[in-house]
Amino acid sequence: MRKLTAGVLVGFVAAALVLTADRLWTLFAGGLGLTPLDTVELKTYDWRLSRTARPEKARKDIALVEIDERSLRNLQPNAGRWPWPRVVHAELIDYLTRGHAKVIAYDVDFAEPDTRTGFKYGESVISGTESDRDLAASIAHAGNVILLADATYEAQEGVSAPMADSGLHLDSSGVTERRVVFPPFRAISDVAAGLGHNLFVLDADGPLRHGVPFVRSGRLVLPSLGVVAALRAGGIAAADVRANDGFVDIGTRKMPQEWRRVSSSSGTTDYQWALINFRGPAFLPGSTSRPYASYSFWDLLYSEEQIRARVTPDIDPSVFRDKTVFVGVTAAGLFDVFETPFSGGKMPGIQVQAAVADDILSNRFMRPASRTTTAAGVIAGGLAVGLLATIVPPWWAGAATLAAMSLFIALAMRVFAAGYWLNVTQPALAGALALFGGVAYQYLVEGREKRKMKKLFGQYVSKDVYDQLVENPALARLGGQRREMTVLFSDIRGFTTVSERGQPEEIVALLNEYFTRMVDIVFRHKGTLDKFVGDMVMALFGAPLDDPDHADHAVEAALEMVEALQQLNAGWKAHGRPELDIGIGINTGPMIAGNIGSEAIMSYTVIGDAVNLGSRLESLNKQYGTRIIISDATRARVTRPYRFRPLGDVVVKGKSRPVAIFEVVGRAERAAEVQRA
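Parameters at a glance
Residues numbered from 1 in each chain as written. Predicted model: local features only at pLDDT ≥ 70, side-chain atom pairs only at ≥ 80, totals over all residues. Heavy atoms only, no water. Core = buried A, V, L, I, M, F, W, Y, C linked by side-chain atoms within 4.5 Å. Buried < 20%, exposed > 50% of the residue type's maximum accessible area, 1.4 Å probe, protein only. Helix = DSSP H or I, 4+ residues; strand = E, 2+ residues; numbered from the N terminus. Contact = heavy atoms within 4.5 Å. Expected span 1.5 Å × (residues − 1). Arc of directions from axis to C-beta. Pairing = 2+ DSSP bridges. Axes fitted to C-alpha atoms, helices over the stretch in contact; angles between N-to-C directions. Phe/Tyr/Trp six-rings, centres within 6.5 Å; stacked < 30°, edge-to-face > 60°. Lys NZ or Arg CZ within 6 Å of the ring centre and 35° of its normal. Patch = residues over 30% accessible without salt bridge, like charges linked within 9 Å, V, L, I, M, F, W, Y side chains within 5 Å. Areas by Shrake-Rupley, 256 points an atom, 1.4 Å probe, with all protein chains shown as cover. Salt bridge = Lys/Arg side-chain N within 4 Å of Asp/Glu carboxyl O. Parallel < 35°, antiparallel > 145°, perpendicular 65-115°, else oblique. Left-handed = near helix turned anticlockwise from the far one by under 90°. Nonpolar A, V, L, I, M, F, W, Y, C, P; charged D, E, K, R; others polar.

As a further point, take the nonpolar core. Core analysis: the biggest nonpolar cluster contains 53 residues, and Val 88, Tyr 106, Leu 147, Phe 297, Phe 320 and Val 327 have the highest contact counts within it. Ranked by residues supplied to this core, first place goes to helix α4 (residues 86-98) with 7 residues. Among residues more than four places away in sequence, those in contact with Tyr 106 are His 89, Leu 92, Ile 93, Ile 146, Leu 147, Leu 148, Leu 225, Phe 297 and Val 327. Grouped together as the second largest cluster of nonpolar side chains are 51 residues, Leu 64, Ile 146, Leu 170 and Trp 421 included.

Structure, rendered in structure tokens:
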């Protein structure tokens, strides 16, 4: 129970430390940025995403048209440097319209009309107005072009230019406020099938992991380019998009969202953002291909020129039939690229927008675990490891904790692949703290008790008893306990004479050999060596561990001690060394056993009248010419057959009432064999 209580306490303390530290870091930062635990968790998020992403499952009905370095280089002789005349984009839209693309999402900012009076395009000279007119005509003819509205400008004052109503009506719980949004110039904005914003917010540690699905400017709600492309491609009406308690309902789909406060150049801004469940990195491993089918702007424009020249195009426009096509810059010099959770290169904005559309169309979102779920995981991890670390040995606890954390991470990986982001950093940290706390408890508390057992009983009990006491120190009841047990006193007769005649070294060697045999016999019969007093041995039976057969074990030990001494005497005699004789007194009764002594030196021993009587019985052996004398109390407790000889009642020193005593002649079966012989 004590270990269980300690384990629960250690687990709760570890969990409380983690949760409190994370909360204090958040409060200290004012809700801005990332706490150290958040930063570590985001790195585990990136690691999990990079290992669970399946590029082969990217939607095949999404395609990218890249304004890449090759396109910039090849078009420069005819269209000049970037930005190109709008007529160039008109020709691409015409090409995609020939191929019956379902949606054309144009991630290029056409904020202002082209005011140039004339410029050369190919063999012709046209004005900026004519170029814009061609683009507007192509957009109107296509009828499915989504244009970009710039929402990246951080302004505290000002108003957005007039925009067509998207038809979305979301309350403030699902929308990020942007004071100013710049739509395309009016001539093309009026004929576009829709507008989508380009606002992305990076995490404080750098990568782009979230999208901002919707922004509000004034009374108008504007979806991101990826969201509006998905709405149109999926045939989802604006009326079917609703904010709903941490989610945005998009038709039958539910997109998880959460608020995040981020530092910005204008102070702090609250964003409602959603995780992007990328299907893969910017480029597939070991290649220059992307998860989505991608084409160079130059190749498609050249194919359009071939078609107009009645030549078979290099790329047939029919490859875009019923596809959602994102057009945008990917050239590194145009700076529309983002660091993402994947290594191996930055991702262009059109691929990010495509990933947002893919999530919606595939109904595949990444949902972070709630704070309640995370807290429950922290508490569960702390409790599980705390109990392990306080109950099992430290090395086993460490191995079990490692195994448990590995299983937990495997589970987290599995649910992550299914679209659920389970926090692993905080539970893992709580587990590590609980492991440290549990091991510290074992060393400082349990270890202290075990070290006390080693100090008290290391040389005074058998190895089996010692192992039990070290494993469970509470069995010893060191504080003192009255218990029924048996005490044995063994003393060498006439040892003073022997010691006076012999050399000191010889006497010490003789005693050491004698005590070694006697102590082995005591241990073999579950006894405890209490102490040596000169040449006397005091042994306990029934303490510190309970032993229901303590009387039998004491008598058996006494008989074997006499037999062992006979063997020793035979050897000593053969070597011309003195022989010894012993007297043994045994008594059974209630005694107080415990750790007794001074603050500096303590030892486990027993006290009481029953102990004193055992000592008196030993001294009576000389008077009666016997070797083993036991009390009537001991005789009444033995269960094995022995041969006793009554010695009568005696009044021992310190007692007024007579005590019946008996000599132990031998074991009953052995006595019968001797009589028959």
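On to helix α5 (residues 128-142). Given a rise of 1.5 Å per residue, 15 residues ought to cover 21 Å, and the 21 Å separating the end C-alpha atoms of α5 matches this to within 8%. Inspection of α5 places Gly 128, Ser 131, Asp 132, Leu 135, Ala 136, Ser 138, Ile 139 and Ala 142 among the buried residues, and these make up the whole buried set. The buried side chains of α5 occupy one side of the element, clustering within an arc of 160° when seen end-on. Residues of α5 that are exposed and point more than 90 degrees away from the buried face comprise Arg 133 and His 141.

Note: strand β9 (residues 214-217) against strand β10 (residues 220-223), 4 bridges, orientation antiparallel. Within the sheet, the bridge partner assigned to Ser 217 lies in β10 and is Leu 220. Where β9 hands over to β10, the hairpin turn is made up of 2 residues, of which Gly 218 adopts a positive phi near 70°.

So, about unusual backbone geometry. With an omega dihedral of 5°, the bond running from Trp 82 to Pro 83 counts as a cis peptide bond. Structurally, Pro 83 is set in the loop between α3 (69-79) and α4.

Sheets are built from strands that pair by backbone hydrogen bonding, the pairs being arranged parallel or antiparallel. Strand order in the open sheet formed by 6 strands is β7-β5-β2-β17-β1-β16, and the pairing between neighbours is parallel. Looking at strand neighbours, the two that pair on one side only are β7 (194-197) and β16 (293-296), the edges of this open sheet. Pairwise comparison of adjacent strand axes, ignoring direction, gives a mean angle of 25° for this sheet.

In this section: the packing of aromatic side chains. For the structure shown, the criterion picks out 14 aromatic pairs. Between Tyr 153 and Phe 182, the aromatic rings sit 5.7 Å apart at their centres with planes inclined by 55°, giving tilted as the arrangement. Of this pair, Tyr 153 sits in the loop between β5 (145-149) and β6 (176-177) while Phe 182 sits in the loop between β6 and α6 (186-189); the two residues are 29 residues apart in sequence, bridging distant segments of the chain. On the basis of relative accessible area, Tyr 153 is assigned to the partly exposed category, the value being 45%. Since its relative accessible area comes to 37%, Phe 182 is described here as partly exposed. Geometrically, the ring pair formed by Tyr 642 and Phe 644 is tilted, given 6.1 Å between the ring centres and 50° between the ring planes. One aromatic cluster is present, formed by Tyr 45, Phe 416 and Trp 421 through successive ring pairs. If you follow Arg 116 out to its NZ or CZ, it ends over the ring of Phe 119, 4.3 Å from the centre. A cation over an aromatic ring shows up here: Lys 254 above the ring of Phe 247, its NZ or CZ 5.3 Å from the ring centre.

With 24 residues, helix α11 (residues 394-417) ought to run about 34 Å at 1.5 Å a step, and its terminal C-alpha atoms sit 34 Å apart, in line with that. Every buried residue of α11 is accounted for by Ala 397, Thr 401, Ala 412, Met 413 and Phe 416. Note on α11: the residue one or two positions beyond its end, Gly 419, has a positive phi of about 100°.

A cluster of nonpolar side chains, namely Leu 9, Val 13, Leu 17, Leu 429 and Leu 433, defines an oily patch on the protein surface of about 410 Å² accessible area. Counting residues per element, the nonpolar patch draws most heavily on helix α1 (residues 2-28), which supplies 3 residues. Structurally, Leu 17 can be placed in helix α1.

Its place among the elements puts Asp 249 in strand β12 (residues 247-250). Taking the relative accessible area as the measure of exposure, Asp 249 reaches 9% and is therefore buried. Beyond its immediate stretch of four places on either side in the chain, Asp 249 contacts Asp 240, Val 241, Arg 242, Asn 244 and Lys 254.

Tracing the chain through its elements places Leu 361 in helix α9 (residues 349-362). Its relative accessible area of 13% is what places Leu 361 among the buried residues. Residue contacts for Leu 361: discarding those within four places in its chain leaves Arg 59, Ala 230, Ala 233, Gly 234 and Arg 253.

A few words now on the sheet that holds β9. The strand order across the open sheet formed by 3 strands is β6-β9-β10, and the pairing between neighbours is mixed. With one partner strand each, in any of the chains shown, β6 and β10 form the two edges of the open sheet. Pairing of β6 with β9, which is carried by 2 bridges, proceeds in the parallel orientation. If you follow Glu 177 over to β9, its bridge partner there is Arg 216.

Turning our eyes to something else, we now look at the pattern of salt bridges. Applying the stated criterion to the full structure yields 31 salt bridges. Where Arg 640 meets Glu 556, a salt bridge forms, and the shortest distance between an N and an O atom there is 3.9 Å. One end of the pair, Arg 640, is in the loop between α18 (632-637) and β28 (642-650); the other, Glu 556, is in helix α16 (residues 550-574), with 84 residues separating them in the sequence. Relative accessible area serves as the criterion here: at 37%, Arg 640 is assigned to the partly exposed category. For Glu 556, a relative accessible area of 11% gives the class buried. Asp 581 serves as the salt-bridge partner of Arg 627, at 2.9 Å between the closest nitrogen and oxygen. Here Arg 627, found in the loop between α17 (609-624) and β27 (628-631), pairs with Asp 581, found in strand β25 (residues 581-597); they are 46 residues apart in sequence, far enough to count as distant. Look at Asp 581 and you get partly exposed, because its relative accessible area is 23%. Linked through salt bridges whose partners overlap, the residues forming this network are Lys 43, Asp 46, Asp 203, Asp 205 and Arg 209.

Further remarks concern the packing of α4 against α5. Axes are the key here: two packed helices are described by the angle between their axes and the distance separating the axes. Relative to each other, α4 and α5 sit at 20°, their axes nearing to 7 Å. Viewed along their axes, α4 and α5 adopt a mutual orientation that is roughly parallel. α4 and α5 meet at a crossing whose hand is left-handed. Counting all contacts with α4, which are made through Arg 86, Val 87, His 89, Ala 90, Ile 93, Asp 94 and Thr 97, the residues of α5 involved are Ser 131, Asp 132, Asp 134, Leu 135, Ser 138, Ile 139, His 141 and Ala 142. Its residues assigned to classes, the contact of α4 with α5 shows 6 nonpolar, 5 polar and 4 charged.

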